[in-house]
Amino acid sequence: MAGLVVGGVTITHPERPVFGEGGPSKGEVAAYYDAVGHWMLPELRQRPLSLVRCPQGATGPCFFQKHHADTLGEHVRSVTLEEKDGGAAEYIYVDDVRGVLELVQMNTLEFHPWGSRVDDPDKPDRMIFDLDPAKGVEWKAVVAGARMIRERLAAAGLESFVRTSGGKGLHVVVPIRRGPSWEKVKAFCECVADALVAEKPALYIAEASKAKREGLIFIDWLRNTRGATSVTGWSLRARPGAPVAMPLRWEEIARLKTGGAFDMKKAMKRAKTLEADPWEGIATLKQSLP
């Protein structure tokens with residue numbers, strides 16, 4: 001089959017299965033991102049990105065890419081950022097759906113933005129708590145954990161937003177005014193996570209040790225550092241069944257059964273029927289880190 005033009009971008013091999021036999025094809029993945037792009041862009045644009053690229057589809061080897069290359073497409077932008085070793089490198093970002101689709105053409109399945117923007121990468125404006133349950137933990141416990149984090153943040157004067165991870169868990173996302181350093185943001189998030197663990201040690205853990213996690217929910221606050229990323233809303237995950245990380249209203253999470261409740265088809269249907277962004281107001285909310 002010849003290339004398929006989606007949103008002005010030529011997608012080669014559009015018939016190729018991306019999620020295994022019978023799963024969505026490369027052309028369908030491109031059509032998905034074209035359809036949900038306007039919902040997805042507010043959280044994605046103007047932020048340094050890490051991509052999950054899967055040249056042989058989600059069932060083959062995939063890899064993370066954060067550095068820019070001219071082969072990625074003319075609407076895929078680059079920004080020069082300082083590396084940990086003091087050197088500099090060109091990082092990826094996008095401004096529009098066309099840039100997203102050019103990355104899909106280059107076999108990108110997942111989009112993971114920084115918690116800061118390209119014009120000031122050292123001043124974060126997003127905090128993220130990732131609730132990652134161990135095997136066997138019930139969904140209602142994950143929902144309760146997300147609500148507890150929401151209450152803790154509200155007590156500190158912070159409104160928060162929630163999305164499914166596209167895996168087993170939930171992400172609680174907090175917009176803040178730019179200003180505090182990554183160190184201050186990370187310290188605040190660690191305090192919130194530690195407070196929950198102190199309150200309910202039989203339910204939560206705040207350290208990344210896999211050996212100690214059995215039966216617990218890991219409250220991952222470690223994404224709140226310079227260069228760390230978290231999957232964006234509406235992004236596919238490179239996993240069986242083509243699950244999607246889905247932004248939700250708080251009252252929606254109890255109706256789900258898992259963090260992978262939305263697959264590509266359900267997400268597409270939601271995008272068509274949504275009347276308002278479930279995260280409406282996140283971009284204009286002016287709240288400062290306590």
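The protein chain appears in an unreviewed UniProt entry as DNA polymerase domain-containing protein from Luteibacter jiangsuensis.

1. Some remarks on the pairing of strand β12 (residues 217-220)
Of the two faces of β12, the one carrying I217 and I219 and the one carrying F218 and D220 are both buried. Note: strand β8 (residues 126-133) against β12, four bridges, orientation antiparallel. When the sheet's bridge partners are listed, L131 is paired in β12 with I219. Pairing between strand β11 (residues 204-205) and β12: two bridges, direction parallel. Counted as the bridge partner of Y204 is I217 from β12.

2. As for the packing of aromatic side chains
Using the criterion set out here, one finds five aromatic pairs in the structure. Ring geometry for Y32 versus Y33: centroids 5.2 Å apart, planes at 65 degrees, classification edge-to-face. Here the two residues Y32 and Y33 agree in accessibility, since each one is buried. Centre to centre, the rings of W39 and W234 are 6.5 Å apart; their planes meet at 20 degrees, and the pair counts as stacked. Taken together, the residues W39 in helix α1 (residues 26-44) and W234 in the loop between β12 and β13 (247-248) connect sequence positions 195 residues apart. Judged by its relative accessible area of 15%, W39 falls in the buried class.

Conventions and cut-offs
- Residues numbered from 1 in each chain as written.
- Predicted model: local features only at pLDDT ≥ 70, side-chain atom pairs only at ≥ 80, totals over all residues.
- Heavy atoms only, no water.
- Buried < 20%, exposed > 50% of the residue type's maximum accessible area, 1.4 Å probe, protein only.
- Helix = DSSP H or I, 4+ residues; strand = E, 2+ residues; numbered from the N terminus.
- Pairing = 2+ DSSP bridges.
- Phe/Tyr/Trp six-rings, centres within 6.5 Å; stacked < 30°, edge-to-face > 60°.

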